[in-house]
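# Chain and residue survey
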Amino acid sequence: MDRKLLYKIVAIVTMSILLLIPLALIEGQIRERSQRQHEVQQNIAESSAGAQTLIGPIVVLRYRERLRETRVVPETGKVTESTRVVEHRRLVAPESLSIEGDVKVETRQRGIYQARLFHLDSQVAGRFRFNAPPPSGDAELLDLQATLVVGLSDPRGVASDPEVTINGQRHRFASSKVDPEIMPLQPLTVALGRIEAGKPYDFSLAFPLHLTGTTRLAIAPVGESNRIALKSAWPHPNFGGRFLPRERSVGADGFNARWEVSHLARNFDNALNPNSGEALAIDFINPVNVYLQSERAVKYGVLFIVLTFAGFFLTEILRRAPIHPLQYLLVGLALAIFFLLLIAFSEHMPFATAYGLSAAACIVLIGWYLAGALGGWRQGAAFGAGLSGLYGVLFGVLRSEDNALLMGSLLLFAALGATMLATRRLDWYGLGRKAEDA
């Protein structure tokens, strides 16, 4: 191979590697902006309310027993008696639990960054049936108290002081202390008072719950039978958690979802643990995360540069039109600038509009430059058309994440096929000859 051609190949490879530096800097800038977006969301959550998890209502039974113990001293044979008090607790799940609500989503801004708050307007109803525990053996029952407990991740999100109706009687929630082993979240409690040992109890309850939170709402199905129905005008819900809706409809005007969970499908102990994932959840997501899509786009920057440089190299070989390495570098920098323009524009306008504007700017710039560098508008327009195809394929990859590998593979296959087709009759050994000897 001619040395001049070899040097040109080495120079192209070197510039391709050097262009990884501006691509890495742009990717770092995107990550920094994404981190700033996350910080703004956390800041808004700290000043209003964070992601919310609702556990309950449940009934906590606390009772104490005095046990008498008889002991024989082995050395003397003397019989001694002693007493000790033992504390017990028992958690009672509702026989049935119903939650119906309407969720409104609000977008708040800090500068160019956004965060989404949801406002849940719901009605909670349940029914409890249980037998108060009798004394064990010959123990003396000292005290038996019942408390209604509801757990929330962030009680600041409770918009009002809900009135709890229990068998027709009105009560108010209080912020009492509850053993974290029973309720790891912040508890809202209603003291039901002293109850009688061994007696059956049957009562119903209902209360409105107006809850504000950020981005995510999770509900633990603690009941023996759980029926949860939520609706919202937000058209982009992400249903998650361990339980998916039995019925759901999602459209441009919002969503309706209904869950039915029985005690056979859930573990009661895990439902009381917010870290176990034993809950149903809705994320009020933004369908277009501009930072995530821009970061994905940058990962294809190397492919853009390689394919463009390959087109330049084939033009040199087939048309005998030399292109200086500095011209390669300038075009490569223009390709890298596209990704910087993309993230800058997408913060102020819809992502598709930002993508089209950035792509059009770079295509016009590169086409105009190559028209002068290659000595004709036809060559510049041809390269511009090729770049338009590349940007179109990249946009399709970004919009269809599930088909990204397929579309990327087809693009590489098409590029390789076009190169092989254009050079199938090329005499590579004759590239170093002078034009008159070729």
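Just so it is clear, the structure is predicted and the values come from calculations on it, not from any experiment. Here, residues in each chain are numbered from 1, in the same order as that chain's written sequence. Residues qualify for local features only when their pLDDT is at least 70, as the model is predicted, and side-chain atom pairs are given and counted only at 80 or more; totals for whole chains, interfaces and linings, by contrast, use all residues. To get the side-chain values, take all heavy atoms of the structure and skip hydrogens and water.

### Observations concerning the sheet that holds strand β9 (residues 200-214)
Here the rule is simple: two strands pair whenever DSSP picks up at least two bridges between them. Secondary structure counts use DSSP, requiring at least four H or I residues in a row for a helix and at least two E residues in a row for a strand, with both numbered from the N terminus. The eight strands are arranged β7-β6-β9-β4-β3-β11-β14-β13 in an open sheet whose pairing can be described as mixed. Two strands close off the open sheet at either side, each with one partner strand: β7 (169-172) and β13 (247-251). With direction set aside, neighbouring strand axes in the sheet form an average angle of 20°. Alignment of strand β3 (residues 96-110) against strand β11 (residues 225-232), held across eight bridges, turns out to be parallel. By the bridge assignment, S96 is partnered in β11 with S225. Note on definitions: angles span 0 to 180 degrees between N-to-C directions of axes, and those axes are lines fitted to C-alpha atoms, for helices only across the stretch in contact.

### Quick look at the pattern of salt bridges
Salt-bridge detection follows one rule: a side-chain nitrogen of Lys or Arg within 4 Å of a carboxyl oxygen of Asp or Glu. Applying the stated criterion to the full structure yields 13 salt bridges. R129 serves as the salt-bridge partner of D202, at 3.1 Å between the closest nitrogen and oxygen. Here R129 lies in strand β4 (residues 113-131) and D202 lies in strand β9, a separation of 73 residues in the sequence. With relative accessibility at 39%, the residue D202 sits in the partly exposed group. When a residue's accessible area, from a 1.4 Å probe over protein chains only, is under 20% of the maximum for its type it is buried; when over 50% it is exposed; and in between it is partly exposed.

### A closer look at unusual backbone geometry
The amide bond that connects G56 to the next residue, P57, takes the cis arrangement and shows omega of 10°. Tracing the chain through its elements places P57 in strand β1 (residues 52-72). With a phi close to 50°, N167 is a non-glycine residue in the positive phi region. Looking at the secondary structure, you find N167 in the loop between β6 (163-166) and β7. Judged by relative accessible area, which is 47%, N167 ranks as partly exposed. Although it is not a glycine, T215 adopts a positive phi angle of roughly 70°.

### Side note on the packing of helix α6 (residues 325-346) against helix α8 (residues 377-399)
The contact between α6 and α8 brings their axes to 14 Å, and the two run at 35°. Crossing angle aside, the handedness with which α6 passes α8 is right-handed. Between α6, through L335, F338 and F339, and α8, the contact on the second element is made entirely by L387, Y391 and L394. Across the contact of α6 with α8, the residue classes break down as six nonpolar, no polar and no charged. The hand of a helix crossing depends on one turn: near helix anticlockwise from the far one by less than a right angle means left-handed, and clockwise means right-handed. For this analysis, residues touch if any pair of their heavy atoms sits within 4.5 Å. Note on residue categories: nonpolar means Ala, Val, Leu, Ile, Met, Phe, Trp, Tyr, Cys or Pro, charged means Asp, Glu, Lys or Arg, and polar means any other residue, Gly included.

### A short note on α8
What sets the pattern is the α-helix's 3.6 residues per turn: residues three or four places apart point alike. If you check α8, its first and last C-alpha atoms are 32 Å apart, about what 23 residues at 1.5 Å a residue would give, namely 33 Å. Of the residues making up α8, those classed as buried are G380, F383, G384, L387, L390, Y391, L394, G396, V397 and L398. Helix span is expected to be 1.5 Å times the residue number reduced by one.

### Points about the packing of aromatic side chains
Two rings from Phe, Tyr or Trp (for Trp, the six-membered ring) form a pair when their centres sit within 6.5 Å of each other. Planes less than 30 degrees apart are called stacked, planes more than 60 degrees apart edge-to-face, and all others tilted. Scanning all chains against the criterion turns up twelve aromatic pairs. Taking the centre distance of 4.5 Å and the plane angle of 50° together, the rings of F338 and Y391 count as tilted. Here F338 is found in helix α6, whereas its partner Y391 is found in helix α8, with 53 residues between them in sequence. In this structure Y391 comes out as buried when scored by relative accessible area, which is 2%. Both rings, one in Y355 and one in F395, keep their centres 4.9 Å apart while their planes meet at 50°; by these two values the pair is tilted. Of this pair, Y355 sits in helix α7 (residues 351-373) while F395 sits in helix α8; the two residues are 40 residues apart in sequence, bridging distant segments of the chain. Y355 sits in the buried class, given a relative accessible area of 4%.

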